[in-house]
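Below, each chain spelled out in residue letters.
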Amino acid sequence: MLGRLNHVAIAVRDIAAASAVYRDTLGAQVSEPQRVPEHGVTVVFVVLPNTKIELLEPLGEGSPIAKFLEKSPDGGMHHVCYEVDDILAARDKLKAGGARVLGDGNPKIGAHGKPVLFLHPKDFCGTLVELEQV
Ligand code: CO
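Residues numbered from 1 in each chain as written. Predicted model: local features only at pLDDT ≥ 70, side-chain atom pairs only at ≥ 80, totals over all residues. Heavy atoms only, no water.

K.L.:
Looking at this structure, how should I read the layout of surface pockets?
P.N.:
Over the atoms rolls a probe the size of a water molecule, and in doing so it shows where empty space is left. Here the largest pocket defines a volume of roughly 880 Å³. If you trace the largest pocket, you find 35 residues lining it, with Pro64, His78, Leu102, Phe118 and Leu128 closest to the centre. At the level of elements, strand 4 (41-47), strand 5 (52-58), helix 2 (64-71), strand 6 (76-84), strand 8 (115-119) and strand 9 (129-133) are the ones that each hand at least two residues to the lining of the largest pocket. The greatest single-element share of the lining of the largest pocket, amounting to five residues, is contributed by helix 2. (1 Å grid on protein atoms, 1.4 Å probe; cavity = no way out; pocket = protein on both sides within 12 Å on 5 of 7 lines; lining within 4 Å. Points joined across faces, edges and corners; volume = space filled by probe spheres on them. Helix = DSSP H or I, 4+ residues; strand = E, 2+ residues; numbered from the N terminus.)

As structure tokens, then:
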């Protein structure tokens, strides 16, 4: 079912400071910040040869990243995103096996303009999992 690792997302308090860490300290290629109000985040893409890192800063009221930072004030890994060929088939197979899909269970368009779903961390080794149809 799973394809490539599309990205690892890291929640941060200060996206400018986090961008500087990746750009200046680690020498990575870092995008300009993009506001994605429908997901409550400002995102910076760090492009690596084999995958991406997404730095996520809370945007607006009720951001899921703000809740995460209340528990982890220094920031930290928020989710991993795996690619799938058919997100509805993947969802149906996982639900049939008892996995919980977050939200209303229907794919939403993610930060990359492609359909995504999130799976409950308790069903996946304590890690929030995003599936993205590519
Ligand atoms: Co993501």
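K.L.:
Sorry, what's going on with the pairing of strand 6 here?
P.N.:
One face of the sheet, then the other: side chains in a regular strand alternate in exactly this way. Of the strand pairs in this sheet, strand 1 (residues 5-11) and strand 6 are connected by six bridges, and their pairing is antiparallel. Each residue of the ladder has a partner; that of Leu5, found in strand 6, is Tyr82. One ladder, built from five bridges, connects strand 6 with strand 9; its direction is parallel. Counterpart to Tyr82 in the pairing with strand 9 is Leu131. (Pairing = 2+ DSSP bridges.)

K.L.:
Any chance you could explain the environment of Ser31 here in plain terms?
P.N.:
Secondary-structure assignment places Ser31 in the loop between strand 2 (29-30) and strand 3 (34-36). Overall, Ser31 belongs to the partly exposed group, its relative accessible area being 22%. Put simply, Ser31 and Leu55 are 24 residues apart on the chain and 10 Å apart in space, counted from C-alpha to C-alpha. (Buried < 20%, exposed > 50% of the residue type's maximum accessible area, 1.4 Å probe, protein only.)

K.L.:
I tried to follow the coordination of the cobalt ion on my own but got confused; where do I start?
P.N.:
Think of it this way: four donors in a tetrahedron around the metal ideally sit 109.5 degrees apart, and six in an octahedron ideally sit 90 or 180 degrees apart. Surrounding the cobalt ion are the protein donor atoms His7 (NE2), His79 (NE2) and Glu130 (OE), at 2.0 to 2.1 Å. Site description for the cobalt ion: donor spacing in sequence, H-x71-H-x50-E. Pair noted here: His79 is in strand 6 and Glu130 is in strand 9, with a separation of 51 residues, a long-range link. (Donors = N, O, S within 2.8 Å, 3.2 Å for Na, K, Ca; no water.)

K.L.:
How should I be thinking about the nonpolar core in this particular structure?
P.N.:
For soluble globular proteins, nonpolar side chains are generally found buried alongside one another. Counting 22 residues, the largest nonpolar core has Ile53, Leu55 and Leu131 as the members making the most contacts within it. Of all the secondary-structure elements, those providing two or more residues to this core are strand 1, helix 1 (15-25), strand 4, strand 5, strand 6, helix 3 (87-96), strand 8 and strand 9. Residues in contact with Leu131, not counting those within four places in the same chain, are Leu2, Tyr82, Val84, Ile87, Ala90, Leu94, Pro115, Val116, Leu117 and Leu119. Counting nine residues, the second-largest nonpolar core is a separate cluster that includes Ala9, Val43, Leu56 and Ile65. (Core = buried A, V, L, I, M, F, W, Y, C linked by side-chain atoms within 4.5 Å. Contact = heavy atoms within 4.5 Å.)

K.L.:
When you look at the pattern of salt bridges in this model, what are you seeing that I'm missing?
P.N.:
Between side chains of opposite charge, a pair can form as their charged atoms come close. For the coordinates displayed, the defined rule picks out four salt bridges. Where Glu83 meets Arg4, a salt bridge forms, and the shortest distance between an N and an O atom there is 3.7 Å. With Glu83 in strand 6 and Arg4 in the segment before strand 1, this residue pair connects regions lying 79 residues apart in the sequence. With relative accessibility at 12%, the residue Glu83 sits in the buried group. A salt bridge links Asp92 to Arg91; its shortest N-O distance comes to 3.0 Å. You can call Asp92 partly exposed: its relative accessible area is 41%. (Salt bridge = Lys/Arg side-chain N within 4 Å of Asp/Glu carboxyl O.)

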